[in-house]
Amino acid sequence: AMSERSACKLAGQHRSTQQRSLGVPDDESRLLRDLHRLSAAHPRYGYRRIHRMLLREGWRVNHKRVQRFWRLEGLRVPRKRRKRRPIGDSENSCTRKRAEHKDHVWTYDFLFDRTEDGRPVKILALVDEYTRECLCLHPARSINGDDLIDLLAGVIIERGMPTYIRSDNGPEFAAHAVRDWLNLMKASTLFVGPGAPWENAYIESFNSRLRDELLNGEVFIGLAEAQYLAKNWRNLYNSERIHSSLDYLTPLEFAASCAPSDSASLRLRAHSSDDTKTHSNPPNPTNPKLS
């Protein structure tokens, strides 16, 4: 049998490499526990987003270490196959008319689901394209043009007026009552090309997250439960879900860092002031018939 000294000399290694005992870092078990906890709470998050969340919780850990444990524990999220889409030829596309500041461009769309008894649920999603904030997430049995005006008015009263609102050509969005009301409130509409959802990419991305993280994982017993869970998910999305496109800030954190724009509440107040001087009855955002 060859001695340790002779073997190390033959292999060109120092003897201390054979005598050092392999140790396990003290924080490894806690790190694995936190990885599993965050992965269970956010099953569609990858290791990069989980690493950022660990840093926000006070961990001082390298992303390569997180990636190594992520793979060893089998926590890798399968990649989705994405189809290539053309850029689109509509001048109202999000790639041609981009949001430049907070409340510059809002975008909205409808999603559909069902409660446990099989009855349909229609969900309005409204998002600020610049800050990624979800401004409204409202499930209902049905939503028509008048309901849409009421929901928009509630957000506008709280937040101010956007410059543009982007949408597809759905009957609710293209209704004369909705377009007339938005025109009265000095907000321009941006209708994307028919059959071109990629031109409204921000709301399509939001819809994908909503369906993946909430709708596909919950069975709604009734409409009240759907509204409660949607409200909770919206709060978590705005205050806890970090976005790589926002330098790993949450939408609320990013919105707080934005300089105030003169196109929302200030423009709404200026518009209301001008109308007060020229009209005896100024426009009412909650009821256009009173204008």
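In the block above lies the structure referred to throughout.
As a starting point, this report considers the structure included with it. (Residues numbered from 1 in each chain as written. Predicted model: local features only at pLDDT ≥ 70, side-chain atom pairs only at ≥ 80, totals over all residues. Heavy atoms only, no water.)

### Looking at the side chain of D103
Here D103 is to be found in the loop between α5 (63-72) and β1 (105-114). Accessibility expressed as a relative area gives 4% for D103, which makes it buried. Within polar-contact distance, the side chain of D103 engages the side chain of R159 at 2.6 Å. (Helix = DSSP H or I, 4+ residues; strand = E, 2+ residues; numbered from the N terminus. Buried < 20%, exposed > 50% of the residue type's maximum accessible area, 1.4 Å probe, protein only. Polar contact = N/O pair within 3.5 Å; in protein donor to acceptor, adjacent residues only side chain to side chain.)

### Let's talk about helix α9 (residues 223-239)
The terminal C-alpha atoms of α9 lie 24 Å apart, and with 17 residues this matches the ideal 24 Å at 1.5 Å per residue to within 8%. When α9 is considered as a whole, its buried residues turn out to be A226, L229, A230, W233, Y237 and N238. Down the axis of α9, the sector holding all buried residues measures 160°, keeping them to one side. Turned more than 90 degrees from where α9 packs its buried face, A224, Y228 and K231 sit exposed. Taken together, the buried residues of α9 touch β3 (134-140), α8 (201-213) and α10 (251-257). (Expected span 1.5 Å × (residues − 1). Arc of directions from axis to C-beta. Contact = heavy atoms within 4.5 Å.)

### Things to note about the pairing of strand β5 (residues 188-191)
Relative to β5, strand β4 (residues 164-167) runs parallel, the two sharing 4 bridges. The residue bridging I165 from the neighbouring strand is T189, located in β5. (Pairing = 2+ DSSP bridges.)

### A short note on the packing of aromatic side chains
Here a ring pair, both rings aromatic, is described through the centre-centre distance and the interplanar angle of the planes. Using the criterion set out here, one finds 6 aromatic pairs in the structure. Between F110 and F173, the ring centres sit 5.0 Å apart and the planes meet at 10°, which makes this aromatic pair stacked. Residue F110 is located in strand β1, and its partner F173 is located in the loop between β4 and α7 (176-184); the two are separated by 63 residues in the primary sequence. The same class applies to F110 as to F173, namely buried. Note on W233 and Y237: the rings are 5.2 Å apart at their centroids and 25° apart in plane angle, and the pair reads as stacked. Within this pair, W233 and its partner Y237 are both found in helix α9, separated by 4 residues, close to a single helical turn. Of the two residues examined, W233 and Y237, each falls in the buried class. Clustering of aromatic rings is evident, with ring pairs tying together Y108, F110 and F173. Taking the ring centre of Y45 as reference, the NZ or CZ of R49 above it sits at 5.2 Å. Sitting over the ring of F69, R68 keeps its end group 4.7 Å from the ring centre. (Phe/Tyr/Trp six-rings, centres within 6.5 Å; stacked < 30°, edge-to-face > 60°. Lys NZ or Arg CZ within 6 Å of the ring centre and 35° of its normal.)

### Here's the deal with empty space enclosed by the protein
Per the counting criterion, the structure on display carries 1 cavity of 30 Å³ or more. Approximately 40 Å³ is the volume attributed to the largest cavity. By residue class, the composition of the lining of the largest cavity is 9 nonpolar, no polar and no charged. (1 Å grid on protein atoms, 1.4 Å probe; cavity = no way out; pocket = protein on both sides within 12 Å on 5 of 7 lines; lining within 4 Å. Points joined across faces, edges and corners; volume = space filled by probe spheres on them. Nonpolar A, V, L, I, M, F, W, Y, C, P; charged D, E, K, R; others polar.)

### Quick notes on the sheet that holds strand β2 (residues 120-128)
Pairing is mixed in the open sheet, where 5 strands are placed in the order β3-β2-β1-β4-β5. A strand with exactly one partner marks an edge of an open sheet, and here the two such strands are β3 and β5. Strand-to-strand twist across the sheet, computed as the mean angle between neighbouring axes with direction ignored, equals 20°. Helix-sheet contacts for α8 involve β1, β2 and β3, and the interaxial angle to β1 is about 35°. (Axes fitted to C-alpha atoms, helices over the stretch in contact; angles between N-to-C directions.)

### A short note on the packing of helix α3 (residues 28-41) against α5
Closest axis-to-axis distance for the α3/α5 pair is 11 Å, and the angle between their directions is 70°. Relative to α5, the element α3 lies roughly perpendicular. Side by side, α3 and α5 meet where E28, L31, L32, L35 and S39 of the first sit next to R65, V66, F69 and W70 of the second. Residue composition of the contact of α3 with α5, grouped by class: 6 nonpolar, 1 polar and 2 charged. (Parallel < 35°, antiparallel > 145°, perpendicular 65-115°, else oblique.)

### A word on the nonpolar core
Counting residues in hydrophobic clusters, the biggest one holds 25 residues, and the most contacted among them are Y108, L124, L126, L152, W181 and L182. In terms of residues, this core owes the most to one element, helix α6 (residues 145-159), which gives 7 residues. (Core = buried A, V, L, I, M, F, W, Y, C linked by side-chain atoms within 4.5 Å.)

### Some words on the side chain of R132
Tracing the backbone shows R132 in the loop between β2 and β3. An unpaired buried charge is present at R132: no salt bridge exists, and D128, the closest side chain of opposite charge, is 7.1 Å distant. Separated by 3.5 Å, the side chain of R132 and the backbone oxygen of Y130 make a polar contact. Those residues in contact with R132 that sit more than four places away from it in its chain are V127, Y202, Y237, N238, H243, S245, L246 and P251. (Lys, Arg positive; Asp, Glu negative; His and termini not counted. Salt bridge = Lys/Arg side-chain N within 4 Å of Asp/Glu carboxyl O.)

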